[in-house]
Amino acid sequence: MAGRAREVVERILRAGRKGDVEAFVELMAPEGYIEWPFRPAGVPGRVRGGPRSAGT
């Protein structure tokens, strides 16, 4: 379990460094969201977790 959590965190950090919002959202829980009141141009102010398939 700890190895899986570390992998997810590393993938989130990598997506954040690249500015890959889609990859970031795919790693979030479907009911999760993040808001950034101060952000660079082109970055959405709020992102919600992506839908999950039945096997995820």
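Fair warning: this is a prediction, and the values are worked out from it, not measured in the lab.

So, how was this worked out
- Residues numbered from 1 in each chain as written.
- Predicted model: local features only at pLDDT ≥ 70, side-chain atom pairs only at ≥ 80, totals over all residues.
- Heavy atoms only, no water.
- Helix = DSSP H or I, 4+ residues; strand = E, 2+ residues; numbered from the N terminus.
- Buried < 20%, exposed > 50% of the residue type's maximum accessible area, 1.4 Å probe, protein only.
- Contact = heavy atoms within 4.5 Å.
- Areas by Shrake-Rupley, 256 points an atom, 1.4 Å probe, with all protein chains shown as cover.
- Phe/Tyr/Trp six-rings, centres within 6.5 Å; stacked < 30°, edge-to-face > 60°.
- Lys NZ or Arg CZ within 6 Å of the ring centre and 35° of its normal.
- Salt bridge = Lys/Arg side-chain N within 4 Å of Asp/Glu carboxyl O.
- pLDDT = per-residue confidence, 0-100.

> Whenever I open this one, the overall build of the protein confuses me. Can you help?
The helix and strand inventory of the protein stands at two helices and two strands. Mapped from its N terminus to its C terminus, the protein presents α and β elements in the order α-α-β-β. Of all 56 residues assigned to the protein, the portion counted as buried reaches 16%. Considering only contacts in the protein between residues 6 or more positions apart, those separated by 24 or more positions represent 15%. As displayed, the protein has an accessible area near 4,600 Å², and 57% of this comes from carbon and sulfur atoms.

> Which parts of the structure should I look at to understand the packing of aromatic side chains?
Think of a pair of aromatic rings as described by two things: how far the centres are apart, and how the planes are tilted against each other in angle. Inspection of the entire model under this criterion finds zero aromatic pairs. One Lys or Arg, Arg46, reaches over the ring of Tyr33 and ends 3.8 Å from the middle of that ring.

> Just checking my understanding: could you explain the pattern of salt bridges for this structure?
Where side chains of opposite charge bring their charged atoms close, a pairing between them can arise. Throughout the structure, instances matching the rule amount to four salt bridges. Close ionic contact of Glu35 with Arg46 constitutes a salt bridge, the shortest N to O distance being 3.0 Å. Placement of the pair is Glu35 in strand E1 (residues 33–35) and Arg46 in strand E2 (residues 46–48), with a sequence separation of 11 residues. What emerges from the salt-bridge pattern is a single network uniting Arg4, Glu7 and Arg11.

> Please explain the confidence of the model for the protein as it appears in this structure.
Fine structural detail should not be taken from predicted coordinates in areas where pLDDT scores are low. When pLDDT is averaged across the protein, the result is 80; 86% of the residues are at 70 or more. The lowest-confidence element of the protein is E2, averaging 83 in pLDDT; the highest-confidence one is helix H1 (residues 2–18), averaging 87.

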